[in-house]
Amino acid sequence: MSFDQFFYGQGRVSFAEINATTGALGKWRYIGDVSALTPKFTTEQVKHIESNSGQRVEVASFDISKSVAIDLTMHSLDTDNLALALRSAVVTTAGGTATAESLGTGLVVGDVVYLANPGVSALVITDSTGTPLTLVADTDYAVDEPFGRVAILNVGTYVQPFKAAYTYADRKAVGMFTAPQKNYALRYEGLDLANQNAPVMVDFYKVAPSVLQQLDLITTGTDVAGMQITAAALADQTKPATGGLGQFGSITKIGAVA
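Residues numbered from 1 in each chain as written. Predicted model: local features only at pLDDT ≥ 70, side-chain atom pairs only at ≥ 80, totals over all residues. Heavy atoms only, no water.

### Let's talk about the sheet that holds strand β11 (residues 163-168)
Right, so step 1: With respect to topology, three strands assemble into an open sheet ordered β6-β11-β8, the strand pairing being antiparallel. The sheet is open, and its two edges are formed by β6 (96-102) and β8 (120-126), each paired on a single side. Each strand axis lies, on average, 15° off the axis of its neighbour in the sheet, ignoring direction. (Pairing = 2+ DSSP bridges. Helix = DSSP H or I, 4+ residues; strand = E, 2+ residues; numbered from the N terminus. Axes fitted to C-alpha atoms, helices over the stretch in contact; angles between N-to-C directions.)

### What to know about the sheet that holds strand β10 (residues 149-152)
Right, so step 1: If you trace the three strands from one edge of the open sheet to the other, you get β7-β10-β9, paired in antiparallel fashion. Across the chains shown, the open sheet's two edge strands, defined by having one partner strand only, are β7 (112-114) and β9 (141-144). Averaged over all adjacent pairs, the angle separating strand axes in this sheet is 20°, with direction ignored.
Right, so step 2: Alignment of β9 against β10, held across four bridges, turns out to be antiparallel.

### Details of the pairing of strand β2 (residues 25-30)
Right, so step 1: The pairing of strand β1 (residues 9-18) with β2 spans four bridges and is classified as antiparallel. From the neighbouring strand, Phe-15 faces β2, where its bridge partner is Arg-29.
Right, so step 2: With antiparallel pairing between neighbouring strands as the criterion, β1 and β2 make up a hairpin whose turn holds six residues, including Gly-23 at a positive phi of roughly 80°.

### Things to note about the nonpolar core
Right, so step 1: In terms of nonpolar packing, the biggest core is built from 24 residues, with Val-13, Phe-15, Leu-72, Met-74, Phe-204 and Val-207 touching the most fellow members.
Right, so step 2: Of all the secondary-structure elements, those providing two or more residues to this core are β1, β4 (58-74), α1 (79-86), β13 (184-192), β14 (198-209) and β15 (227-233).
Right, so step 3: Setting aside chain neighbours within four positions, we find Met-74 in contact with Ile-31, Asp-33, Val-34, Asn-81, Ala-85, Ala-225, Gly-226, Met-227 and Ile-229.
Right, so step 4: In this structure, Ala-98, Val-120, Leu-123 and Tyr-168 belong to the second largest nonpolar core, which totals 16 residues. (Core = buried A, V, L, I, M, F, W, Y, C linked by side-chain atoms within 4.5 Å. Buried < 20%, exposed > 50% of the residue type's maximum accessible area, 1.4 Å probe, protein only. Contact = heavy atoms within 4.5 Å.)

### Comments concerning the layout of surface pockets
Right, so step 1: When its volume is computed, the largest pocket comes out at roughly 450 Å³.
Right, so step 2: Lining the largest pocket are 23 residues, and of these Phe-7, Gly-9, Gln-10, Leu-37 and Tyr-188 lie nearest its centre.
Right, so step 3: If one sorts the elements of the lining of the largest pocket by residue count, strand β3 (residues 34-49) sits on top with six residues.
Right, so step 4: Grouping the constituent residues of the lining of the largest pocket by class yields 14 nonpolar, six polar and three charged.
Right, so step 5: A volume near 390 Å³ is recorded for the second largest pocket.
Right, so step 6: Taken together, 21 residues make up the lining of the second largest pocket; nearest its centre are Ile-18, Gly-23, Leu-25, Tyr-205 and Asp-236.
Right, so step 7: Within the residue set of the lining of the second largest pocket, elements represented by two or more residues are β1, β2, β13 and β14. (1 Å grid on protein atoms, 1.4 Å probe; cavity = no way out; pocket = protein on both sides within 12 Å on 5 of 7 lines; lining within 4 Å. Points joined across faces, edges and corners; volume = space filled by probe spheres on them. Nonpolar A, V, L, I, M, F, W, Y, C, P; charged D, E, K, R; others polar.)

### Topic: the pattern of salt bridges
Right, so step 1: The final tally for this structure, using the stated rule, is five salt bridges.
Right, so step 2: A salt bridge links Lys-40 to Asp-71; the nearest nitrogen and oxygen atoms lie 2.8 Å apart. On the criterion of sequence distance, the pair formed by Lys-40 in strand β3 and Asp-71 in strand β4 is long-range, its members being 31 residues apart.
Right, so step 3: Lys-40 sits in the partly exposed class, given a relative accessible area of 44%.
Right, so step 4: Classification of Asp-71 by relative accessible area gives partly exposed; the value is 23%.
Right, so step 5: Two residues, Arg-187 and Asp-203, come together in a salt bridge whose shortest N-O distance is 2.7 Å. (Salt bridge = Lys/Arg side-chain N within 4 Å of Asp/Glu carboxyl O.)

As structure tokens, then:
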């Protein structure tokens, strides 16, 4: 007896970069929580309405192109995901120490300067007298260590420029538009909650993600920030066009009998 097969999906999404030269897949990387994964399938058609019967009926219709767009919302704002969404690369800076870093001249009470490195600890600020004097923390200056922000509270008779010595932490940063567009394979390992968490696997063989559409850096709603991108599913021409699963992708019900 036939029955309805409803679907309510949750699951994991992973990407593997496709080598632009060899076409080989790199390592798969789980991209964290994804609240939306929505493929949209479209075709472009030619339609002809005849002009000889007086009825103007449609007598021909056929596809001339096919496309798939995948809307995706990521919620893990790690540096690898940011690099993917911003077409960039992750730049890692090892922790270290800075000595005699000038804070510039002409500082007055109320001015704010940023050190060259964030993640500051063990900050010591001295002036430029022959025998340098040491400024007093929370009396002459205040520091916000995670951001390396220094507020000047008192300049007194100190000689400028002030000079900073400190230790700074490791950090990772992601630029914007510093790398070419890349292609990836996308895999969805889904669980169908409408069918006792039955496993469903969806593969898109070759996708080209767009850049990040929007990023809410100040959050006022009732959910965490998300990164929305749209990926174009491309035909993988290394696969046979006449193969049973085609060149775009496939949906697999694992252990399914219907």
